[in-house]
Amino acid sequence: MTKLITDPNLLQPDDFYQELTDLHRDLTPEQSAEINAKLILLLCNHIGDQAVLSEAMLIAKKNLKAA
Amino acid sequence: MLNTYTFPEYDYIRSKDQDAAEPVRHPVIVVGAGPIGMAMALDLALHDVPVVVLDDNNTVSVGSRAVCYAKRFLEIMDRLGIGQRLVDKGVTWNIGKVFFDRDLVYTFNMLPEEHHRRPGFINLQQYYLEEYMVDRIHELGGIDLRWKSKVTQVEQDETGATVTVETPEGSYRMQCDYLIACDGANSQIRSQCGLESKGQIFKDRFLIADVVMDPSNFPPERWFWFNPHFHEGQSTLLHRQADNVWRIDFDLGWDADPEEEKKPENIIPRVRAFLGDEVEFELEWASVYTFTCRRMDNFRLGRIFFAGDAAHQVSPFGARGANSGAQDTDNLAWKLKLVMDGRAPDSLLDTYSDERVYAADENILNSTRSTDFITPKNEISRVFRDATLSLARDYPFARRLVNSGRLSLPAVYTHSSLNTLDQETFVGNMLPGAPSTDAPVSKAGQEGYLLDHLGNQFNGLLFIEGKRDLSQAVLDQLSALYQAKIPLKSYLVCSHQVDLPLPDGVELLVDTLGVVKERFDATAGTFYVLRPDQHVCARMRQLDNNRVAAAIRKATAQ
């Protein structure tokens, strides 16, 4: 079973990060939410492995700020 | 309102049971003459079990109510003898369209596979289904259908149940060995027994408007709008039924006032906004509903069984109400018959609840997921929902995530204790627990379908390539299986006609297109055992009577 990769895996991490923040730069929170949702759906489909996705969701849910 | 259909009125007829000094005892009493109660009665009558059916009303369903009947439902109705009539009157559809705002997002086909007798779905108003069932009951005989007979009290002991029945001419009592409660979502029998159906209530209201229109306006397809421009923020469903009646289903949200929304002066503008000013229509029937997804813990309590909405309820998305109810009765009838005849132990009846609770959970899960997609429960769910729809226009992966109601598929009883585990390797869908697929066959030159020949008793399918696979020893084995205490009737499945005298209980089906062989992943010698409800319970690569007999014992809880 494939494990979620949590070691560095991006060749140009700074490029990626800039592109991600640029994507949201001039957007309203609603538009950002829409883009994020689309990104998640596209990427999850690309990964395709439910176990990997579950692991990522679990980590994402950790240490949430109190509501 | 309601001009396209004339409601039959069935006469209350005094039963001689009402004049008996002591309560008369019957083998089976069914409470409720809705689609599920009548399916139960018809199924038992086909097994030669006399049935009394009690209904508190004297006509069929008011309003179109259940509308979509799926392929498996139609196959069960074929076995009960009304499948063709339903298909002839109903509107056959396989195409569904999904819209978002103003745009068509994508189109799907419910039945992409060829070579089945029945389509993915037909749409038909529930009153027609009920009327045809009443007709079939009278045609078949053996069913004592008593109108205006309301069960007001029920009690049971180890040997059976006693009911008190209220009629226009007063009350009387009757006894039965088994009682089957098909008395709907608000089952009185269930509450009389002190039992509950538990689950989730959805905080949402829906308006159903049946309108009559010229059929050239819309094709016979299922059209579903998410967030339509004419009904912002909500959803709308359009379905064609018989007699040029269209069902329009508007999501209204929880705050809508059901009494106000039901008024024609409020419905007509909604429909007008949707259809446009140029389309003429007439309002036929309307109703505002809410729904719950819930079930009973156990569908059996001693001698009392619960089926249909009395046992489990789902949201309407995915058409799993009437469709699953008929699968309940399909499951129960043959088991009851074997136990009543003393050919199977009482514990076989527990498997009715085991298998149908499993199916109910699957149906509840599916319909809850559809409901949550259609009416997102919080802001971020809505964001994901809309993102999915927006991607679905151009990207096929997202279409698979769109959920406006999944195809109502029958449950596969994968984990049932009645299954015999495979000892050899098979691929495909015909695993133990699965309802049999269909395929074209011919018998003695008559073109037909496989499912025409299966059911009401155990069946075997022996796949052969020709005469050389048919030794006398094989025929003797099949003959012995037919002579057993629980007979198994076999069909030889071959690509061509084989001229050989066959013993009683063995017939030949010609697999005209080779589709049966393919769908059952069969090779020469492969043998399948099917239950009287057409579900596979065992399979093997070579016929072995010891294994078949063991499989039948297992399938009958022995």
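Residues numbered from 1 in each chain as written. Chains lettered and ligands numbered in written order. Predicted model: local features only at pLDDT ≥ 70, side-chain atom pairs only at ≥ 80, totals over all residues. Heavy atoms only, no water.

(A) Main features of the environment of Val493(B). Residue and element names in this part refer to chain B. Looking at where Val493 falls in the secondary structure, it is placed in strand β25 (residues 488-494). Distance from Val493 to Leu508, taken between C-alpha atoms, is 6.2 Å for residues 15 residues apart in sequence. Beyond its immediate stretch of four places on either side in the chain, Val493 contacts Leu461, Leu462, Phe463, Ile464, Leu509, Asp511 and Val516. (Helix = DSSP H or I, 4+ residues; strand = E, 2+ residues; numbered from the N terminus. Contact = heavy atoms within 4.5 Å.)

(B) The arrangement of the domain arrangement of chain B in detail. All names here are of chain B. What the domain assignment reports for chain B is domain 1 (16-89 + 123-195 + 293-367) and domain 2 (440-555). For domain 1 and domain 2, the distance between their C-alpha centres works out to 31 Å. Each partner contributes to the interface: domain 1 provides 14 residues, whereas domain 2 provides 14 residues. Its largest share of buried area at the contact with domain 2, domain 1 owes to Arg79, Trp334 and Arg343, together 50% of the area lost on that side. The interface formed by domain 1 and domain 2 holds 1 salt bridge in total. Linking Arg531 and Glu355 is a salt bridge whose minimum nitrogen-to-oxygen distance equals 2.8 Å. At the surface where domain 1 touches domain 2, the tally comes to 7 residue pairs in polar contact (both at pLDDT 80 or more). Contributions of two or more residues to the side of domain 1 that touches domain 2 are made by α1 (35-46), α2 (71-80), α8 (322-340) and α9 (347-374). (Domains from an automatic or database assignment. Buried area = accessible area lost by both parts, 1.4 Å probe. Salt bridge = Lys/Arg side-chain N within 4 Å of Asp/Glu carboxyl O. Polar contact = N/O pair within 3.5 Å; in protein donor to acceptor, adjacent residues only side chain to side chain.)

(C) Representation of a nonpolar patch on the surface. A cluster of nonpolar side chains, contributed by Leu10(A), Phe16(A) and Tyr17(A), occupies part of the molecular surface with about 330 Å² of accessible area. When you line up the elements, Leu10(A) lands in the segment before α1 (13-24). (Patch = residues over 30% accessible without salt bridge, like charges linked within 9 Å, V, L, I, M, F, W, Y side chains within 5 Å. Areas by Shrake-Rupley, 256 points an atom, 1.4 Å probe, with all protein chains shown as cover.)

(D) Layout of the pattern of salt bridges. Residues and elements named next belong to chain B. Summed over all chains, the structure comprises 44 salt bridges over all chains. Between Arg146 and Asp17 there is a salt bridge, with the nearest N and O atoms lying 2.8 Å from each other. Here Arg146, found in strand β8 (residues 143-146), pairs with Asp17, found in the segment before β1 (24-31); they are 129 residues apart in sequence, far enough to count as distant. There is no split in this pair, since Arg146 and Asp17 are both buried. As a salt-bridge pair, Arg541 and Asp521 come within 3.0 Å of each other at their nearest N and O atoms. Residue Arg541 is found in the loop between β28 (536-540) and α14 (545-555), and its partner Asp521 is found in the loop between α13 (515-519) and β27 (527-530); the two are separated by 20 residues along the sequence. Given the relative accessible area of 17%, Arg541 is considered buried. What emerges from the salt-bridge pattern is a single network uniting Asp43, Lys71, Arg72, Glu75, Arg79 and Asp330. (Buried < 20%, exposed > 50% of the residue type's maximum accessible area, 1.4 Å probe, protein only.)

(E) How the structure looks around empty space enclosed by the protein. Residues and elements named next belong to chain B. All told, the structure shown has 1 cavity of 30 Å³ or more when counted by the stated rule. In this structure, the largest cavity encloses a volume near 30 Å³. Lining the largest cavity are Ala319, Arg320, Asn323, Ser324, Gln327, Ala359, Asn363, Ser408, Leu409 and Ala411. Looking at the lining of the largest cavity, the elements that each hand over two or more residues are α8 and α9. Looking at the lining of the largest cavity, the element that brings in the most residues is α8, giving 3 residues. Its residues placed into classes, the lining of the largest cavity shows 4 nonpolar, 5 polar and 1 charged. (1 Å grid on protein atoms, 1.4 Å probe; cavity = no way out; pocket = protein on both sides within 12 Å on 5 of 7 lines; lining within 4 Å. Points joined across faces, edges and corners; volume = space filled by probe spheres on them. Nonpolar A, V, L, I, M, F, W, Y, C, P; charged D, E, K, R; others polar.)

(F) Molecular detail of the pairing of strand β24 (residues 458-463) of chain B. Residue and element names in this part refer to chain B. For β24, a buried count of 6 out of 6 residues is recorded, marking the element as mostly surrounded by other parts of the structure. Covered by surrounding structure in β24 are Phe458, Gly460 and Leu462 together with Asn459, Leu461 and Phe463, the residues of both alternating faces. Crossover handedness for the path β24 to helix α12 (residues 472-483) to β25: right-handed. (Right-handed = clockwise from strand over helix to strand, strands pointing away.)

(G) Summary view of the packing of aromatic side chains. Residues and elements named next belong to chain B. Taken as a whole, this structure holds 34 aromatic pairs over all chains when the rule is applied. Summarising the aromatic geometry, the rings of Trp334 and Phe458 are spaced 5.7 Å apart at their centres and angled 90° between planes, so their arrangement reads as edge-to-face. With a gap of 124 residues between them, Trp334 in helix α8 and Phe458 in strand β24 connect regions that are remote in the sequence. Look at Trp334 and you get buried, because its relative accessible area is 2%. Here Phe458 falls in the buried class, since its relative accessible area comes to 2%. Directly above the aromatic system of Trp254 lies the positively charged group of Arg205, at a separation of 4.4 Å from the ring centroid. (Phe/Tyr/Trp six-rings, centres within 6.5 Å; stacked < 30°, edge-to-face > 60°. Lys NZ or Arg CZ within 6 Å of the ring centre and 35° of its normal.)

(H) Representation of the sheet that holds strand β21 (residues 312-313) of chain B within the structure. Residue and element names in this part refer to chain B. Taken in spatial order, the 3 strands of this open sheet run β12-β18-β21, and their pairing is antiparallel. Among the strands making up the open sheet, the edge pair consists of β12 (198-201) and β21. Strand direction decides the pairing type here: β12 and strand β18 (residues 292-295), joined by 4 bridges, are antiparallel. Across the sheet, residue Lys198 finds its bridge partner in β18, namely Arg295. Together, β12, β18 and β21 form the strand contacts of α9, whose direction differs from that of β18 by roughly 165°. (Pairing = 2+ DSSP bridges. Axes fitted to C-alpha atoms, helices over the stretch in contact; angles between N-to-C directions.)

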